[in-house]
Amino acid sequence: MLRYTDGESLAALSREYDVNPDWLGEQFNAWNVRRRDRSAAAVARGPGVSPYAV
């Protein structure tokens, strides 16, 4: 959760740990981790960073 709250995307974490992103999102909800919306995710990525950057 720390990496997510530090700005790493849910998609990147799910790829690294080889889990379904929907499952990980449900787990975050169950753990009361505040999820970012698209706008907040863009801010967390930083300016000029593609949402598809690996």
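In what follows, the structure referred to is the one given above.
S.K.: Help me understand the overall build of the protein chain in this model?
M.R.: Tallying secondary structure elements over the protein chain gives four helices and zero strands in all. Across the 54 residues that make up the protein chain, the buried fraction comes to 20%. Here the contacts in the protein chain between residues at least 6 apart in sequence split such that 41% fall between residues at least 24 apart. When the accessible surface of the protein chain is summed, it comes to about 4300 Å², and 53% of that surface belongs to carbon and sulfur atoms.

S.K.: Help me out: how do you make sense of the packing of aromatic side chains in this one?
M.R.: For any pair of aromatic rings, geometry is given as the distance between the ring centres together with the angle between the planes. Evaluated as defined, the whole model comprises two aromatic pairs. With a centroid separation of 4.9 Å and an interplanar angle of 65°, the aromatic rings of Tyr4 and Phe28 are classed as edge-to-face. Of this pair, Tyr4 sits in helix H1 (residues 2-5) while Phe28 sits in helix H3 (residues 21-30), and the two are 24 residues apart along the sequence. The exposure class assigned to Tyr4 is buried, which follows from its relative accessible area of 3%. On the basis of relative accessible area, Phe28 is assigned to the buried category, the value being 3%. Considering the side-chain rings of Phe28 and Trp31, the 6.0 Å spacing of their centres and the 45° angle between planes classify their relative orientation as tilted. Using a relative accessible area of 43% as the deciding quantity, one classes Trp31 as partly exposed.

S.K.: It is not clear to me how the environment of Glu8 should be interpreted in this structure. Could you clarify?
M.R.: Along the chain, Glu8 falls in the loop between H1 and helix H2 (10-16). Those residues in contact with Glu8 that sit more than four places away from it in its chain are Arg3, Leu13, Glu16 and Arg36. For Glu8, the side chain forms a polar contact with the side chain of Arg3, separated by 2.9 Å.

Parameters and conventions
- Residues numbered from 1 in each chain as written.
- Predicted model: local features only at pLDDT ≥ 70, side-chain atom pairs only at ≥ 80, totals over all residues.
- Heavy atoms only, no water.
- Helix = DSSP H or I, 4+ residues; strand = E, 2+ residues; numbered from the N terminus.
- Buried < 20%, exposed > 50% of the residue type's maximum accessible area, 1.4 Å probe, protein only.
- Contact = heavy atoms within 4.5 Å.
- Areas by Shrake-Rupley, 256 points an atom, 1.4 Å probe, with all protein chains shown as cover.
- Phe/Tyr/Trp six-rings, centres within 6.5 Å; stacked < 30°, edge-to-face > 60°.
- Polar contact = N/O pair within 3.5 Å; in protein donor to acceptor, adjacent residues only side chain to side chain.

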